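Residue-level structure breakdown
Letter by letter, the chains look like this.
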Amino acid sequence: TQEKTDFLEPLYRESKVKKVIGIVSGKGGVGKSMTTSLLGVAAMRKGLHTAILDADVTGPSIPQAFGLHERLLGNAEGIILPAMTNFGIEVVSLNLMLEEETQPVIWRGPVVADVVKQFWGKTLWKDIDVMFVDMPPGTGEVPLTVFQSIPLDGIVVVATPQELVGMIVEKAVNMANMMNVPVLGLIENMSYIKCPDCGKEIKVFGDSHIEEISEKFNIPVLGKLPIDPKLTQACDAGLIEDVENIYLDGVMDIIL
Ligand code: ADP
């Protein structure tokens, strides 16, 4: 209604986002959404006004991790009110716009890009210090169009030890270079698992090659996340903000 628009317009024009960081991976299932959530929590714990823009249409991981299920509110002009997590992180997600959470999303790149542009430009962000964008996985058409539709200040690349040996990470780094977006750092996920009895760290996927990649491309290593059942359980329960050890505490000082 007109009344609602009058109320939203001035707020919309005042909304600001200071820094936008994309989280990318060479393929799906490596923990990109997990890392995005943890970076959001790390920023929030530093007292930063934090937002997460979920542009990964392959699954509702971000809303799930924070226990968000209500559909986003918007008006006729396409202005959107972000969802708010328990600890005050503002979230928008394609998955919070679907009629049915269980429907597969089969949109092509340009359609995803349109929605992401709307998220970027038409959400009532409230003076955000840092926004993390959960990018679609891979280096194909969909991630590329999303790259072009948001003014990213930098990206963080997430990979498992397996990808760090092959060319997948290099492709992601090259895509960022092509787009003139700086790569702020690398995060190795599922790096090891800690034995609950003796504390020994077991490298399930073999030795880490993250330092070699880091040297080759001159990109800092931001962290190594173990496989931690506490993280999985917290995501499943929608309580990722309650996890004590998120392994990424020092990262904000490097990337901001
Ligand atoms: P992607 O976004 O790359 O597709 P997700 O972040 O959705 O991957 O992770 C895939 C699955 O693995 C999820 O169920 C997630 O909870 C779990 N997971 C990811 N990283 C870890 C980790 N370090 N420890 C435990 N579980 C993890």
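What comes next concerns the included structure. One numbering rule holds for all chains: residues counted from 1, following each sequence as written. In view of the model being predicted, local features appear only for residues whose pLDDT reaches at least 70, and side-chain atom pairs are presented and counted only at 80 or more, with totals across whole chains, interfaces and linings using the full set of residues.

1. Some points on the overall build of the protein chain
Heads up, the condition is: Strands here mean DSSP runs of E at least two residues long; helices mean DSSP runs of H or I at least four residues long; both are numbered from the N terminus. Exposure criterion: with C-beta atoms placed from backbone coordinates, a residue whose C-beta has 20 or more other C-beta atoms within 10 Å is buried, one with 12 or fewer is exposed, and one in between is partly exposed.
Scanning the protein chain for helices and strands turns up nine helices and twelve strands. Counting only C-alpha atoms, the protein chain reaches 60 × 40 × 35 Å along its principal axes. Put simply, the protein chain has 256 residues, and 45% of those count as buried.

2. Digging into the site of the ligand
The line we're drawing: We call a residue near a molecule or strand if the C-beta atom, set from the backbone, is within 6 Å of it. When residue character is reported, Ala, Val, Leu, Ile, Met, Phe, Trp, Tyr, Cys and Pro are called nonpolar, Asp, Glu, Lys and Arg charged, and the others, Gly included, polar.
Taken together, 18 residues lie near the ligand, and Gly31, Lys32, Ser33, Met34 and Thr232 sit nearest. Among the secondary structure elements, those contributing two or more residues to the shell around the ligand are α2 (32–45) and α8 (229–237). Grouping the constituent residues of the shell around the ligand by class yields eight nonpolar, eight polar and two charged.

3. Re the pairing of strand β2 (residues 50–54)
This is how it is decided: Here, a strand pair is defined by DSSP locating no fewer than two bridges between the strands.
Burial within β2 is extensive, with five of its five residues counted as buried. Of the two faces of β2, the one holding Thr50, Ile52 and Asp54 and the one holding Ala51 and Leu53 are both buried throughout. Bridging between β2 and strand β7 (residues 128–134) involves five bridges; their strand directions are parallel. Bridge assignment links leucine 53 to a residue of β7, and that residue is valine 133. As paired strands, β2 and strand β6 (residues 90–93) are joined by four bridges and run parallel to one another. Following the sheet pairing, alanine 51 is matched in β6 by glutamate 90.

4. Observations concerning the nonpolar core
Filter applied, for reference: Note on terminology: a nonpolar core is a set of buried residues of type Ala, Val, Leu, Ile, Met, Phe, Trp, Tyr or Cys, with members joined through C-beta atoms within 7 Å. C-beta atoms are placed from the backbone for every residue, and two residues are taken to be in contact when these atoms lie within 7 Å.
Counting 77 residues, the largest nonpolar core has Val133, Ile155, Val156 and Val157 as its most contacted members. The element best represented in this core is α2, accounting for seven residues. With sequence-adjacent residues up to four places away left out, valine 157 is seen in contact with Val24, Ser25, Val169, Ala172, Val173, Val183 and Leu186.

5. Digging into the environment of isoleucine 213
Looking at where isoleucine 213 falls in the secondary structure, it is placed in helix α7 (residues 210–217). The exposure class of isoleucine 213 is buried, given the 21 C-beta atoms found within 10 Å. The spacing of isoleucine 213 and valine 57 is 156 residues in sequence and 28 Å in space, taken between C-alpha atoms. Beyond its immediate chain neighbours, meaning those up to four positions away, isoleucine 213 contacts Leu164, Val169 and Leu186.

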